[in-house]
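What the coordinates show
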Amino acid sequence: MKKIILTLVFASAMTTLSAQTETVKSTEDGFNKWSVELAGGFNKPQRPMTSGYATTLISPYVVDLGVRYMFNNKFGLKADLGLNSFTGKKESVDFDTKYYRVDLQGVANLGRIMNFETWTQSIGLLGHAGFGLSLLERKDPSYLKDRMGNFMAGLTGQIKLTDRIALTGDFTTILNAKQNLAFDGASSSSTRGFGGILFNGTAGITVYLGKNVKHADWVLDNEDRFNVIDNRLTAIETKMLDADNDGVADYLDQEPNTAAGAMVDTKGKSIDKNNNNVPDETEAYILKNYVSKTDDTTTVYDNELIKSLINGGYVAVYFDFDKSKPTNVSTEGIDFILTYLRNNPSASVDIIGHADELGRSAYNDKLSNARATNVKNTLVKANIDASRLNVIAAGEDTSVDKASENARKLVRRVTFTVK
């Protein structure tokens, strides 16, 4: 008997291990499929019983351990082990027998089939039925054992506590085939077929395994389809964002950091008709308010506005994903800084590199440094003294939604701080 028990326990352990290693497969469907179930409670053997032998009306105890796999949110399989203990009540002849079983059962999620979700999100119902092998054992006054087959069927109520744990209450009927020994072990039975009857009632706990949020027990029909629709709507809303408020959606905006209110073309680029790398609207404001009081309207009297624009991030250099070379439309930002440094020979700048959040942080730190260094080298080649240029690797910029491709474009950049 010990060998049988060890074999059953080993089989259960291997099934549990298999459940854990198969978790990755279950994630492909968007929900978890494996669970482990442990329950305990009461039993009542009906027949065969020897005359003068009887158990209490509700007799402890029952222990049940199961591992379940759901193919989808309605149907699955369960392998389980069970132990029942039978003892006589006060008016009965004293006896003590044990009943061991192992079963493979089909499982139907009746809660989903009957649409429980229309009135509750936390109560479920499972139906289960299957076949297995049983062993009835008596040790005293002499050792006896009886091997038999069994058929069992039952209902399991569920109360979901969390996405990982549910409480259960189960009622199961077990029919034994070719049971030669009475449940009390005191007499033989000539019954063939499914003559033995045993009732079990248990309460227990189910632990759901897997990397997804929900288990198949609680996944609703069409839920994945609705999630896909929601994700698509979210993606559309994200694309339609206009971070710089220039009237051009971010996914079309080639210059995503335009100053608010600036005049832009259909691609979101500031209008610069004289191609001096200063948006016409900004240039007109500067010339109107900050030029010198001479006839030379090209000499800037006060550079504070330009400095504030640079330090405010309005002048930037942008990069494609995983690249340290600026995009073609971003060279204007370098030209703007170059012009400023030439016109202000005493000024120096911090060149600050940024990266999005995709990839490892250590790699993104190096990438942000490479971007800033690339811009510095371009300015040095244009005869700006390297001592005026300070490279800062700012690493990952976490200020935007990591899941949005267009938002990530905004943070793959180099900005400047004039000192």
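Residues numbered from 1 in each chain as written. Predicted model: local features only at pLDDT ≥ 70, side-chain atom pairs only at ≥ 80, totals over all residues. Heavy atoms only, no water.

As annotated in an unreviewed UniProt entry, the protein carries the name OmpA family protein and comes from Flavobacterium gawalongense. Per UniProt, the protein carries the Subcellular location (unreviewed entry) text "Cell outer membrane". (UniProt positions renumbered as here; feature names shortened; annotations may be inferred.)

Some details on helix α7 (residues 331–343)
Taking 1.5 Å as the rise per residue, α7 with 13 residues should run 18 Å; its terminal C-alpha atoms sit 19 Å apart, in good agreement. For α7, the complete set of buried residues consists of Gly333, Ile334, Phe336, Ile337, Leu338, Tyr340 and Leu341. Buried residues belonging to α7 abut α6 (304–311), β9 (316–318), β10 (349–355), α8 (361–381), β11 (389–396) and β12 (413–418). (Helix = DSSP H or I, 4+ residues; strand = E, 2+ residues; numbered from the N terminus. Expected span 1.5 Å × (residues − 1). Buried < 20%, exposed > 50% of the residue type's maximum accessible area, 1.4 Å probe, protein only. Contact = heavy atoms within 4.5 Å.)

With respect to the environment of lysine 307
Locating lysine 307 in the fold gives a position in helix α6. The sequence separation of lysine 307 and threonine 417 amounts to 110 residues, and the corresponding C-alpha distance is 8.3 Å. Contact partners of lysine 307, with chain neighbours within four places excluded, come to Tyr340 and Val418.

Topic: the pattern of salt bridges
Evaluated as defined, the whole model comprises twelve salt bridges. Two residues, arginine 112 and glutamate 117, come together in a salt bridge whose shortest N-O distance is 3.0 Å. Residue glutamate 117 is classed as buried on the basis of its relative accessible area of 17%. Here aspartate 350 ties to lysine 419 by a salt bridge, and the two come within 3.0 Å at their closest N and O atoms. Taken as a pair, aspartate 350 in strand β10 and lysine 419 in the segment after β12 lie far apart in primary sequence, 69 residues in all. Take aspartate 350: its relative accessible area is 11%, and that puts it in the buried class. What makes lysine 419 exposed here is its relative accessible area of 51%. (Salt bridge = Lys/Arg side-chain N within 4 Å of Asp/Glu carboxyl O.)

Examining the sheet that holds strand β2 (residues 59–70)
The antiparallel closed barrel is built from eight strands, whose spatial order is β1-β2-β3-β4-β5-β6-β7-β8. The sheet shows a mean angle of 25° between the axes of neighbouring strands, direction not considered. As paired strands, β2 and strand β3 (residues 75–87) are joined by nine bridges and run antiparallel to one another. Paired with aspartate 64 across the bridge in β3 is glycine 82. (Pairing = 2+ DSSP bridges. Axes fitted to C-alpha atoms, helices over the stretch in contact; angles between N-to-C directions.)

Some details on the pairing of strand β6 (residues 144–160)
Bridge count for strand β5 (residues 123–138) against β6 is 16 bridges, and the pairing is antiparallel. In the strand pairing of β6, leucine 126 is matched with threonine 156. Following β5, the chain reverses through five residues before pairing antiparallel with β6. Pairing analysis gives twelve bridges linking β6 to strand β7 (residues 165–177), with the strands arranged antiparallel. By the bridge assignment, alanine 153 is partnered in β7 with threonine 173. Taking the residues between adjacent antiparallel strands as the criterion, β6 and β7 are bridged by four residues.

Things to note about the environment of threonine 162
Within the secondary structure, threonine 162 is located in the loop between β6 and β7. Along the backbone, threonine 162 and valine 207 are 45 residues apart, and their C-alpha atoms lie at a distance of 9.7 Å. Here arginine 164 takes part through its backbone nitrogen, which lies 3.0 Å from a polar atom of the side chain of threonine 162. From its side chain, threonine 162 meets the backbone nitrogen of isoleucine 165 in a polar contact 3.1 Å long. (Polar contact = N/O pair within 3.5 Å; in protein donor to acceptor, adjacent residues only side chain to side chain.)

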